[in-house]
Amino acid sequence: MQTMEPRKLFMKYLIPSLFGMVLMAINILIDGLFVSHGVGEKGLAGVNIAVPIYSVILSVSLWIGMGAATLYSIALGQSNQHRAKEIFTHSIILAVLTTGLIIGFCLLFEEPLAYLFGANDSIISYVDDYLHIILLFGLVFVFENILSIFIRNDGNPTLAMAGLIVTSVVNIILNYLFIFIFHWGVKGAAYATVIGTFIGILVLLTHFLTRKKQLGFVHTKLDLSILGNIFSIGFPSFIVEGSTAVMMVAFNITFSHYVGETGVVAYAVVNYLHTVFLMLFIGIGAALQPITSYHYGAKLYQRMKQFIRIALVTGFGLGSAVFIIGLFGKGFIIDLFGIDIPEIINYTKIGIVYFFVGYLFLGINMVFVEYYQSIKKIRIATWIILSRSIILFIPLLWILPNVFGPNTIWLVFPVAEGLTVLFTFLVLKFKWVELVPVEMTQLSKKSG
C-alpha cells in the first residue's frame, strides 16, 4: 500500500470495485429487463416504483459499512489490528439492529409506502408484490454489502468482486426460470434477487478461511465512540444512497403529474440505466476510499494527492464515455427493454440525451465525496451530496417544468450536478477548504 506506484495501486482497487459495483446494479437492471419482457410496461413501472426501498436498505448498510470501513483502514494504517476487529464487530451488530428496525417498520406500512413512492391503482399490485419480498429479506442485502466493503478494505478486492459476480449470474438464471418458465411475475424477479444475493454471501464468507485475512470478530464491550464515529463518517454514504431514493420518488411523482404513465415508464427505463451508471461512479470512490484512509492513518499525506488526481480524471473520463453511449446508443438501449409504444419511445429518447449530460459532472462529485469522507472531513462531503440531491435538485424539479415545460424535467439532474461541481471548485479555488488540509501539508514538508 505504501510503496506501489500510485496508478498501479489505484487500478488494483479500481477494476474489482467497478466490476463489483456494476454487478450490484445489474441485479436491479436484470429485474427490469426480464419484467419488461415477461410481464409488460406496467410491471416495469411497478418494480421501478418499488426499487427505492432497495436504495433505502442499501443506504443504511453503506452508512454503517463505509463509516466502519474507513475507521478499519485507518486502524490498519496505524498497525492496530485489535482496534480494526473491534470496529468490524461493532459494525455488524449495528447493521443488524438498525436495518432490522427500519425493515420491520416498513413491513407494517407496505401499501401506504407504495403509494408514497408514486404508485397508482393500476400498478399497485405489481409494486406490492416486489416490495414485500425485498423488505422481508432485506437483511440479506445488508450483509452482502457490508461484507463486500470490509473484504475490499482487508486487501482482497478480487474476492469482493467474485461474490458479486456469483450474485449476478445466479440472479440472471433465476430471473429467466421464475418469470418465463414458472410465470411468477414480479415476485419471481424479487426472489431471484434475494437468492442470488444469499449465494453471493456464501462466496464472500470464504475470505475468513484465508491466511492473509485480518478481518474477524473479537469479544468487546460496547464502545459508544466507535458507534459515533461510524455514524459520523458514514453519513455521506447514507445521503448518497438515501437521496437517490428521494430523487427517484420525486421524479416518479413529477413525471406522473406532468406527463402521466408515458413519463413514468420512460423514466423507469432511464432510471434502470442510471442505477447501473451511478454504481460505477460510486465504485471509483469506493476504490479511492481504502487507499486514502490507509494513507491518512499512516500519515502519508502528500502521496494522497496523486490518488485524488487519478480518481478525478477517471471519473470525468467515465462520465464522458457514458454520455457518448447515451447520445449514440439510445435506440438500442430502449430496444433492450422491449418498449414498442411510439409515444414512450420518443419521450425516452429525449430523456436519455438530456439526462445523460449529468454524467459529465457526477463522477467528479462522487470522487470528492468519497475522498473527504475517507479522511473524516464529513462536513464538506455532506455539503456536496446535499447540494446535488436536495438543495439544488428539489427547487429545480419544481421550477424547470413549471417555467420551461415537462421535457425539462430531464434536465434537473445535469443542472444540479453541474452547479455542484462549480460550487466545489470555487470552494477549493478560494481555499475555503483545502484539498489536503494545510496542517497536513506542513507536516509532510517537515517529515521530508
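Residues numbered from 1 in each chain as written. Predicted model: local features only at pLDDT ≥ 70, side-chain atom pairs only at ≥ 80, totals over all residues. Heavy atoms only, no water.

- An unreviewed UniProt entry annotates the chain as Multidrug export protein MepA of Oceanobacillus caeni.
- Listed in UniProt under the heading Sequence similarities (unreviewed entry), the comment for the chain reads: "Belongs to the multi antimicrobial extrusion (MATE) (TC 2.A.66.1) family. MepA subfamily."
- Per UniProt, the chain carries the Subcellular location (unreviewed entry) text "Cell membrane". (UniProt positions renumbered as here; feature names shortened; annotations may be inferred.)

1. A look at the packing of helix α11 (residues 261-297) against helix α14 (residues 359-374)
Part 1 of the argument: Interhelical geometry of α11 versus α14 gives an angle of 30° and a closest axis separation of 8 Å. Regarding α11 and α14, the two cross each other, and that crossing is right-handed. In contact with His274, Phe277, Leu278, Phe281, Ile282, Ile284, Gly285, Ala286, Leu288, Gln289, Thr292 and Ser293 of α11, α14 contributes Tyr359, Leu362, Gly363, Met366, Val367, Glu370, Tyr371 and Ser374. (Axes fitted to C-alpha atoms, helices over the stretch in contact; angles between N-to-C directions. Helix = DSSP H or I, 4+ residues; strand = E, 2+ residues; numbered from the N terminus. Left-handed = near helix turned anticlockwise from the far one by under 90°. Contact = heavy atoms within 4.5 Å.)

2. Regarding empty space enclosed by the protein
Part 1 of the argument: In this structure the tally under the stated criterion is four cavities of 30 Å³ or more.
Part 2 of the argument: The volume enclosed by the second largest cavity comes to roughly 80 Å³.
Part 3 of the argument: For the second largest cavity, the full set of lining residues is Thr244, Met247, Met248, Phe251, Tyr267, Asn271, His274, Phe355, Arg388 and Phe413.
Part 4 of the argument: Counting only elements with at least two residues in the lining of the second largest cavity, the list comes to α10 (224-258) and α11.
Part 5 of the argument: Considering each element in turn, the lining of the second largest cavity owes the most residues, four residues, to α10.
Part 6 of the argument: Grouping the constituent residues of the lining of the second largest cavity by class yields six nonpolar, three polar and one charged. (1 Å grid on protein atoms, 1.4 Å probe; cavity = no way out; pocket = protein on both sides within 12 Å on 5 of 7 lines; lining within 4 Å. Points joined across faces, edges and corners; volume = space filled by probe spheres on them. Nonpolar A, V, L, I, M, F, W, Y, C, P; charged D, E, K, R; others polar.)

3. Here we look at unusual backbone geometry
Part 1 of the argument: Of note, the phi angle at Ser79 is positive, near 60°, even though the residue is not glycine.
Part 2 of the argument: Positive phi is not limited to glycine here, since His183 has a value of about 55°.

4. Considerations on the packing of aromatic side chains
Each pair of aromatic rings is reported with the distance of its centres and the angle of its planes.
Part 1 of the argument: Considering all chains together, one arrives at 34 aromatic pairs under this definition.
Part 2 of the argument: Taking 5.5 Å as the distance between ring centres and 80° as the angle between the ring planes, the aromatic pair formed by Tyr72 and Phe150 counts as edge-to-face. Of this pair, Tyr72 sits in helix α3 (residues 52-77) while Phe150 sits in helix α7 (residues 138-153), and the two are 78 residues apart along the sequence.
Part 3 of the argument: Residue classification places Tyr72 among the buried positions, given a relative accessible area of 0%.
Part 4 of the argument: On the basis of relative accessibility, which here comes to 0%, the residue Phe150 falls in the buried class.
Part 5 of the argument: With centroids separated by 4.6 Å and ring planes inclined at 25°, the aromatic side chains of Phe178 and Trp184 adopt a geometry described as stacked.
Part 6 of the argument: A residue is classified by how much of its surface remains accessible, and Trp184, at 41% relative accessible area, is partly exposed.
Part 7 of the argument: An aromatic cluster is built from Phe251, Phe255, Tyr267, Phe277, Phe281, Tyr347, Phe355, Phe356, Tyr359, Phe393, Trp410 and Phe413, whose rings are joined through pairwise contacts. (Phe/Tyr/Trp six-rings, centres within 6.5 Å; stacked < 30°, edge-to-face > 60°. Buried < 20%, exposed > 50% of the residue type's maximum accessible area, 1.4 Å probe, protein only.)

5. Observations regarding α11
Part 1 of the argument: Between its terminal C-alpha atoms α11 stretches 52 Å, which fits the 54 Å expected from 37 residues at 1.5 Å a residue.
Part 2 of the argument: Along α11, the helix axis deviates most sharply at Gln289, where the bend reaches about 25°; the proline Pro290 sits within four residues downstream.
Part 3 of the argument: Most of α11 is tucked away: 35 of the 37 residues are buried.
Part 4 of the argument: Once α11 finishes, Lys299 follows within two positions and takes phi at roughly 60°, a positive value. (Expected span 1.5 Å × (residues − 1). Bend = angle between axes of the 7 residues up to and from the residue.)

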